[in-house]
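# Structural overview for review
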Amino acid sequence: MGDLPELVDVIVIGFGGAGAAAALRAHELGSSVLVIEKQGRNRHTPSTRMSGGLVMAVNDTVMATEYLDRCAGAMTPRDVSAAWAERASGLITWLTEHTGLPFDKVNGAEHPEFDGAESIGVYQSGGATFRLDPRAGGGVMLFDALAAAVHRAGIPVAYDSPVRRLVTDAGRVTAVEIATTSGTAVVGARHGVVLACGGFEYDDQLKLNHLRAWPVHFYGNPGNTGDGVKMAQQVGADMWHMNQM
């Protein structure tokens, strides 16, 4: 990408599956959007692209809320599980419309004995007939289709642009500071900043402080160094579930 804009409505930090979906939805709602990605275009390894491409969705919001609340074991507020279930009820339709991919149900709930389990489905794109069917499309197909939708929408993606910090004004995040080849640049956000930065499995200090075992080693996207966690903490955010993996 060329010169960065000075101001947009919404900034999305991280161009993986979550970042692509957030950018597309903000664009649909009429916002100008900028996606910022620290990795280069030719060495971009988002978690979704490296995954099996499995998608969990629901067919009944009320039943799914019961199931998710039971799975959470009181660690997640029920209204959060209800909100997740509500959005997941339309997820496969939304993905199909935006990616043009077919999604087939390849599995069900991990705990079929729990109430509401029949509302849970696991889907994979590309004509899969069973979970992680190697003949079908995995994470590569899913992410590439989402990325193509972002580009078709004309949403700019700034690669090689690590965000250094969130800029706040009166407690509200209003801009981001980005490292550039010539120093730093600040881009403002009228309506907000979405952190879609992945996990922290490649940051030893965060793993040591938060996980229940040490040492712990992971495979996946080496770009997942907890950038979003650190930036959120710097502006006063509370963390939760940091010991879950």
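Below is a summary of the structure that appears in this document. (Residues numbered from 1 in each chain as written. Predicted model: local features only at pLDDT ≥ 70, side-chain atom pairs only at ≥ 80, totals over all residues. Heavy atoms only, no water.)

Take the overall build of the chain next. The helix and strand tally for the chain stands at 8 helices and 9 strands. Over its C-alpha atoms the chain spans a radius of gyration of 19 Å, differing by no more than 12% from the 18 Å that the globule rule assigns to 245 residues. Across the 245 residues in the chain, those meeting the buried criterion constitute 44%. Considering only contacts within the chain whose residues lie at least 6 apart along the sequence, 61% involve residues at least 24 apart. Here the chain has roughly 12,900 Å² of accessible surface; of this, 52% comes from carbon and sulfur atoms. Averaging the positions of the 19 positive and the 26 negative side-chain charges in the chain gives two centres separated by 4 Å. (Helix = DSSP H or I, 4+ residues; strand = E, 2+ residues; numbered from the N terminus. Rg over C-alpha atoms; globule rule 2.2 N^0.38 Å. Buried < 20%, exposed > 50% of the residue type's maximum accessible area, 1.4 Å probe, protein only. Contact = heavy atoms within 4.5 Å. Areas by Shrake-Rupley, 256 points an atom, 1.4 Å probe, with all protein chains shown as cover. Lys, Arg positive; Asp, Glu negative; His and termini not counted. Charge placed at Lys NZ, Arg CZ, Asp CG, Glu CD.)

The next subject is the pattern of salt bridges. Summed over all chains, the structure comprises 12 salt bridges. Salt-bridge contacts for Glu28 lead to Arg25; the nearest nitrogen and oxygen are separated by 2.8 Å. Taken together, the residues span about one helical turn, with Glu28 and Arg25 both in helix H1 (residues 17–28) at a distance of 3 residues. Notably, a salt bridge pairs Asp203 with Lys230, separated by 2.7 Å at the nearest N-O pair. Note that Asp203 is positioned in the loop between strand E9 (183–195) and helix H7 (204–210) and Lys230 in helix H8 (residues 227–234), a separation of 27 residues in sequence. Judged by relative accessible area, which is 13%, Asp203 ranks as buried. Here Lys230 falls in the partly exposed class, since its relative accessible area comes to 30%. Salt bridges here are not isolated pairs; linked through shared partners, they connect Glu66, Asp69 and Arg78. (Salt bridge = Lys/Arg side-chain N within 4 Å of Asp/Glu carboxyl O.)

To continue, consider the pairing of strand E2 (residues 33–36). Neither face of E2 is left uncovered, since the one carrying Val33 and Val35 and the one carrying Leu34 and Ile36 both have all their residues buried. Of the strand pairs in this sheet, strand E1 (residues 7–13) and E2 are connected by 4 bridges, and their pairing is parallel. Its bridge partner being in E2, Val12 is matched across the sheet by Val35. For the segment spanning E1, H1 and E2, crossover handedness is right-handed. (Pairing = 2+ DSSP bridges. Right-handed = clockwise from strand over helix to strand, strands pointing away.)

Let us look at the environment of Val8. As for its placement among the helices and strands, Val8 is situated in strand E1. Taking the relative accessible area as the measure of exposure, Val8 reaches 6% and is therefore buried. Linking Val8 and Glu201, residues 193 residues apart in sequence, is a C-alpha distance of 31 Å. In contact with Val8, not counting residues within four places along its chain, are Ser32, Leu34, Gly188, Ala189 and Arg190.

A few words now on the sheet that holds E9. If you trace the 6 strands from one edge of the open sheet to the other, you get E6-E2-E1-E9-E8-E7, paired in mixed fashion. Taken across any chain shown, the strands that pair with only one partner, and hence form the sheet edges, are strand E6 (157–158) and strand E7 (163–169). Where E1 lies against E9, 6 bridges are found, and the strand directions are parallel. Its bridge partner being in E9, Val10 is matched across the sheet by Gly192.

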